[in-house]
Amino acid sequence: MATEFWNLFTQRTAALEVAIRGDDAESLVGITNELAENLIAFNPQLNLMIGGRDPFRLSILSLPGAEECANQFVSGAPHISNWQISAGIPEYDPLKSVHVTDDEGRSLTISYADLDVKVLPIINGHSTIVLSLDSDFDPTGPKSHLYQAIAENVIFAVLGGWPLELSKVVMLPRTKTGKLQPLESLRNQWLALVRPHRVD
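As the structure is a prediction and not an experimental result, all values here were calculated from the model.

Colleague: Explain the environment of Val 74 to me, please; I cannot follow it from the model alone.
Modeller: One can find Val 74 in helix 3 (residues 67-75). Classification of Val 74 as buried rests on a relative accessible area of 16%. Sequence spacing of Val 74 and Glu 26 is 48 residues, and the spatial spacing of their C-alpha atoms is 26 Å. Beyond its immediate sequence surroundings of up to four residues, Val 74 is in contact with Trp 6, Ile 60, Ile 85, Ser 86 and Ala 87.

Next comes the structure, spelled out in structure tokens:
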């Protein structure tokens, strides 16, 4: 029942907020998977994404033709402080750049214009997103965690959360990937990949 999902979601919001604020991708993926499995068991035409900060966001997604199901499901959502609950992938304002800083004060800023992207095919139920940066860097070097943090930030900004079917995102230099597709195509790439897969 829908009530079962909303009760579970309400119980998990505090842990979700801690995971999002702490950039704890492992915990976030675990909780998101638990919620998505509950939602899909209720209605296989629905899925979800979680993300955002101030407010946090829960987006209920639907397969083509099931948009009204998502709208009806969201209409029964509880009111939770500092959470925005809506149907569909949220709109976003493209940013010019993304900036991260680690606990030791090291920082990194990357321009969105320097990023290309490719969504890889789903294997065993999960996909990888590759971000290609038009700059030479060592993806395993001492600043690799900063590049990874930016990659995860891009996913949250563009897709509005961390999708159930996404296992990981990686950032590599353009010299290793070659020219990929523009970053603004990410949302369409993701929907084109996931929707046929979920219909099957």
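Moving on from the model shown.
Colleague: Explanation requested: the environment of Ile 129 in the structure shown.
Modeller: Position of Ile 129 among the secondary structure elements: in strand 7 (residues 127-133). Given the relative accessible area of 0%, Ile 129 is considered buried. Considering only alpha carbons, one finds Ile 129 and Met 171, 42 residues apart in sequence, at a separation of 8.6 Å.

Colleague: Help me understand the sheet that holds strand 7, please; the structure alone is not making it clear to me.
Modeller: Working definition: the strands of a sheet are paired by backbone hydrogen bonds and lie parallel or antiparallel to each other. As summarised here, the arrangement of the 4 strands in space is 8-7-6-9, forming an open sheet in which the pairing is mixed. Strands with a single pairing partner mark the edges of an open sheet, and in this sheet they are strand 8 (166-173) and strand 9 (181-182). Bridge analysis of strand 6 (residues 115-119) against strand 7 gives 5 bridges, and the strand direction is antiparallel. Directly across from Val 119, in strand 7, lies its bridge partner Ile 129. Contacting strand 6, strand 7 and strand 8, helix 4 (residues 144-159) crosses the sheet at an angle of about 125 degrees to strand 8.

Colleague: Looking at this structure, how should I read the nonpolar core?
Modeller: As a rule of thumb, nonpolar side chains are buried together in soluble globular proteins. By size, the foremost hydrophobic cluster in this structure holds 57 residues, and its most contacted members are Phe 9, Leu 58, Ile 129 and Met 171. It is helix 4 that provides the largest number of residues to this core, a total of 9 residues.

Colleague: Looking at this model, I keep getting lost on the packing of aromatic side chains. Mind explaining?
Modeller: The relation between two aromatic rings is expressed through the spacing of the ring centres and the mutual angle of the planes. Following the criterion strictly, the structure yields 9 aromatic pairs and no others. Between Phe 137 and Tyr 147 the ring centres are 4.0 Å apart and the planes differ by 10 degrees, which places this aromatic pair in the stacked class. With Phe 137 in the loop between strand 7 and helix 4 and Tyr 147 in helix 4, the pair connects residues that are 10 residues apart, well separated along the chain. Of the two residues examined, Phe 137 and Tyr 147, each falls in the buried class.

Colleague: Mind showing me how you'd approach helix 1 (residues 2-21) here?
Modeller: Since the α-helix advances by 3.6 residues per turn, residues separated by three or four positions end up pointing in the same direction. Between its first and last C-alpha atoms helix 1 spans 27 Å; for 20 residues at 1.5 Å apiece the expected length is 28 Å, and the two agree. In the structure, helix 1 departs most strongly from a straight axis at Thr 13, where the bend amounts to approximately 45 degrees. Residues of helix 1 that are buried: Phe 5, Trp 6, Leu 8, Phe 9, Thr 13, Leu 16, Ala 19 and Ile 20. Following helix 1 by one or two positions, Asp 23 has its phi on the positive side, about 50 degrees.

Colleague: Would you take a moment to explain the pairing of strand 6 for this structure?
Modeller: In terms of burial, strand 6 is a largely internal element, 4 of the 5 residues being buried. In the sheet, strand 6 pairs with strand 9 via 2 bridges, with the strands oriented antiparallel. Bridged to Val 117 within strand 9 is Gln 181.

Colleague: Explain the pattern of salt bridges here, please?
Modeller: Two side chains that carry opposite charge are able to pair once their charged atoms sit near each other. For the coordinates displayed, the defined rule picks out 5 salt bridges. A salt bridge links Arg 174 to Asp 116; its shortest N-O distance comes to 3.5 Å. With Arg 174 in helix 5 (residues 174-177) and Asp 116 in strand 6, this pair connects stretches of sequence that are 58 residues apart. Under the relative-accessibility criterion, Arg 174 is labelled buried at 15%. A relative accessible area of 5% means that Asp 116 is categorised as buried. One continuous salt-bridge network, built from bridges that share partners, spans Asp 102, Glu 104 and Arg 106.

Calculation criteria
- All chains use their own residue numbering, which begins from 1 and follows the written sequence.
- Confidence filtering applies because this is a predicted model: local features only for residues at pLDDT of at least 70, side-chain atom pairs given and counted only at 80 or more, and all residues used for totals across whole chains, interfaces and linings.
- Heavy atoms from the whole structure form the basis of all side-chain values; hydrogens and water molecules are not counted.
- Numbering goes from the N terminus for both helices and strands, where a helix is a DSSP run of H or I of at least four residues and a strand is a run of E of at least two.
- The cut-offs for exposure are 20% and 50% of the maximum accessible area for each residue type, with area from a 1.4 Å probe on protein chains only; residues under the lower value are buried, those over the upper are exposed, and the others partly exposed.
- The contact rule is simple, with two residues in contact once any of their heavy atoms fall within 4.5 Å.
- Here, strands pair whenever DSSP counts at least two bridges between them.
- Lines fitted to the C-alpha atoms define the axes, with helices restricted to the stretch that makes contact. Angles between their N-to-C directions range from 0 to 180 degrees.
- Grouping buried Ala, Val, Leu, Ile, Met, Phe, Trp, Tyr and Cys residues that are joined through side-chain atoms within 4.5 Å yields what is termed a nonpolar core.
- Note on aromatic pairs: the rings of Phe, Tyr and Trp (six-membered ring only in Trp) are paired at centre separations within 6.5 Å, and the planes decide the class, stacked below 30 degrees, edge-to-face beyond 60, tilted for the rest.
- Multiplying 1.5 Å by the helix residue count minus one yields the expected span of that helix.
- To obtain the bend at a residue, axes are fitted to the seven residues ending there and to the seven starting there, and the angle between these axes is taken.
- Salt bridge criterion: a side-chain nitrogen from Lys or Arg within 4 Å of a carboxyl oxygen from Asp or Glu.

Geometry only, nothing functional implied.
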